[in-house]
Amino acid sequence: MVLTNQGLKRMMASLCLSVCLLPAITKAQQKDSITKGGFTLIYENKSATFDTTVGRRLINTFFEIYPKEVARFNKNAVKVVYFEIDPTYDGIAATYGTRIRFNPEWFKKNPNDVDVVTHEGMHVVQSYPGYDPGWLTEGIADYVRFVYGVDNPGAHWTLPDFKEGQSYKQAYRVTARFLVWIEKNKRKDLVNKLDAAMRTRTYTPAIWKDLTGKTVDELWTEYAANPVI
């Protein structure tokens, strides 16, 4: 999820060591800097009750997935990213520039939902100068979670089956599934092209026809008729 303030804000990323070399994560207000493979993660836990095992998994997910996101989508993405475990935040997670804020209460109930990092890390990589359309921004981030997620089954996270009444503008998983279908049936590099256009301010609705020969509405109609992925 990307928070808005005069439109959705910019985002970016980075880093870590192997599990056995990770520093202890035990105290509220603890702040650690972890570097691996040219990426750095500044990890700050402000919750005295946050499960340190979950914290380690969030860190490990970052170092496993973020470099892949950078390599595929934006080699100029930031190399330093901030994680903040914040008990005052009542959402799930949100990205502000290079900082990702997490709600520890969410992970008490959903300790396996570590691919929140995969989604939010992609927002850092996206680093769009503007996030319009927002449905595409979020759809791409959930597409990336689907493709690269480390434990979507453990979180019971899946792409939803197509249902009458859905729209590609619903964002998140609905849009992500549509993107998966287009890449399977029309153009395998579609998401890369859309992502690049969003970052360079060259996205317009015409891009869908330029890339696939059909408008986005025509693609959705075809998808609705045979949504198998």
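Everything that follows concerns the structure shown earlier in this document.
Residues numbered from 1 in each chain as written. Predicted model: local features only at pLDDT ≥ 70, side-chain atom pairs only at ≥ 80, totals over all residues. Heavy atoms only, no water.

Student: Looking at this structure, how should I read the pattern of salt bridges?
Tutor: Oppositely charged side chains can pair when the atoms bearing their charge come close. Considering all chains together, one arrives at 11 salt bridges under this definition. Across the pair Glu-84 and Lys-46 runs a salt bridge, and its minimum N-O distance is 2.6 Å. Residue Glu-84 is located in strand E3 (residues 80-85), and its partner Lys-46 is located in the loop between strand E2 (39-45) and helix H1 (52-73); the two are separated by 38 residues in the primary sequence. We classify Glu-84 as buried; its relative accessible area is 9%. In this structure Lys-46 comes out as partly exposed when scored by relative accessible area, which is 29%. Here Arg-101 makes a salt bridge to Asp-86, at a shortest N to O gap of 2.7 Å. One end of the pair, Arg-101, is in strand E5 (residues 99-102); the other, Asp-86, is in the loop between E3 and strand E4 (93-96), with 15 residues separating them in the sequence. (Salt bridge = Lys/Arg side-chain N within 4 Å of Asp/Glu carboxyl O. Helix = DSSP H or I, 4+ residues; strand = E, 2+ residues; numbered from the N terminus. Buried < 20%, exposed > 50% of the residue type's maximum accessible area, 1.4 Å probe, protein only.)

Student: I tried to follow the nonpolar core on my own but got confused; where do I start?
Tutor: Side chains of nonpolar character tend, in soluble globular proteins, to be buried together. Core analysis: the largest hydrophobic core is formed by 63 residues, its most contacted members being Tyr-66, Phe-83, Phe-178, Leu-194 and Trp-208. Here the element with the most residues in this core is H1; it accounts for 9 residues. With residues near it in sequence (within four places) discarded, Phe-178 still touches Tyr-168, Trp-208, Val-216, Leu-219, Trp-220 and Tyr-223. (Core = buried A, V, L, I, M, F, W, Y, C linked by side-chain atoms within 4.5 Å. Contact = heavy atoms within 4.5 Å.)

Student: How should the sheet that holds E5 be read in this particular structure?
Tutor: Adjacent strands of a sheet form backbone hydrogen bonds with each other and so pair up, either parallel or antiparallel. Taken in spatial order, the 5 strands make up an open sheet running E1-E2-E3-E5-E4, and their pairing is mixed. The open sheet has two edge strands with one neighbour each: strand E1 (30-36) and E4. Each adjacent strand pair in this sheet contributes to an overall mean axis angle of 20°, direction not counted. Direction of pairing for E2 relative to E3: parallel, over a ladder of 6 bridges. Paired with Asn-45 across the strands is Ile-85, a residue of E3. Across the sheet, H1 is in contact with E1, E2 and E3; its angle to E2 comes to roughly 150°. Against the sheet, helix H3 (residues 116-126) makes contact with E3, E4 and E5, and its axis sits at roughly 15° relative to E4, the strand it touches most. (Pairing = 2+ DSSP bridges. Axes fitted to C-alpha atoms, helices over the stretch in contact; angles between N-to-C directions.)

Student: Just to check I follow, could you spell out the packing of aromatic side chains for this structure?
Tutor: In this description, a pair of aromatic rings is defined by centroid distance and the angle of the planes. For the coordinates displayed, the defined rule picks out 19 aromatic pairs. Seen from their ring centres, Phe-39 and Tyr-66 are 5.6 Å apart, and the 90° between their planes marks the pair as edge-to-face. You can see Phe-39 sitting in strand E2 and its partner Tyr-66 sitting in helix H1, a full 27 residues away along the chain. Note on accessibility: Phe-39 and Tyr-66 belong to one class, buried. Where Phe-178 meets Trp-208, the ring centres are 6.2 Å apart and the plane angle is 20°; that geometry is what we call stacked. Residue Phe-178 is found in helix H5 (residues 172-185), and its partner Trp-208 is found in helix H7 (residues 206-212); the two are separated by 30 residues along the sequence. The class of Trp-208 is buried, set by a relative accessible area of 0%. Each residue in the set Phe-39, Phe-50, Phe-62, Phe-63, Tyr-66, Phe-83, Phe-102 and Phe-107 is aromatic and connected to the rest through ring pairs, giving one cluster. (Phe/Tyr/Trp six-rings, centres within 6.5 Å; stacked < 30°, edge-to-face > 60°.)

Student: So what exactly am I meant to see when it comes to the environment of Lys-79 here?
Tutor: By secondary structure assignment, the location of Lys-79 is in the loop between H1 and E3. For the pair Lys-79 and Leu-41, spaced 38 residues apart in sequence, the C-alpha to C-alpha distance is 8.4 Å. Within polar-contact distance, the side chain of Lys-79 engages the backbone oxygen of Ala-77 at 3.2 Å. (Polar contact = N/O pair within 3.5 Å; in protein donor to acceptor, adjacent residues only side chain to side chain.)

Student: For this particular structure, what's the right way to read helix H8 (residues 216-225)?
Tutor: Looking at H8, one finds that the buried residues are Val-216, Leu-219, Trp-220 and Tyr-223. All buried residues of H8 fall inside an arc of 100° around its axis, so they share one side. When the buried face of H8 is taken as reference, the exposed residues oriented beyond 90 degrees from it are Thr-221 and Ala-225. Of the surrounding secondary structure, the elements contacted by the buried residues of H8 are H5 and H7. (Arc of directions from axis to C-beta.)

Student: Got a minute to help me understand unusual backbone geometry in this structure?
Tutor: For residues that are not glycine, phi is negative in most cases, and the peptide bond is trans in most cases. Omega for the peptide link from Asp-132 to Pro-133 comes to 10°, which places this bond in the cis form. Here Pro-133 shows up in the loop between H3 and helix H4 (134-148). The phi angle at His-156 is positive, at roughly 55°, despite the residue not being glycine. His-156 sits in the exposed class, given a relative accessible area of 72%. Positive phi is not limited to glycine here, since Ala-171 has a value of about 70°. Note that Ala-171 resides in the loop between H4 and H5. A relative accessible area of 9% means that Ala-171 is categorised as buried.

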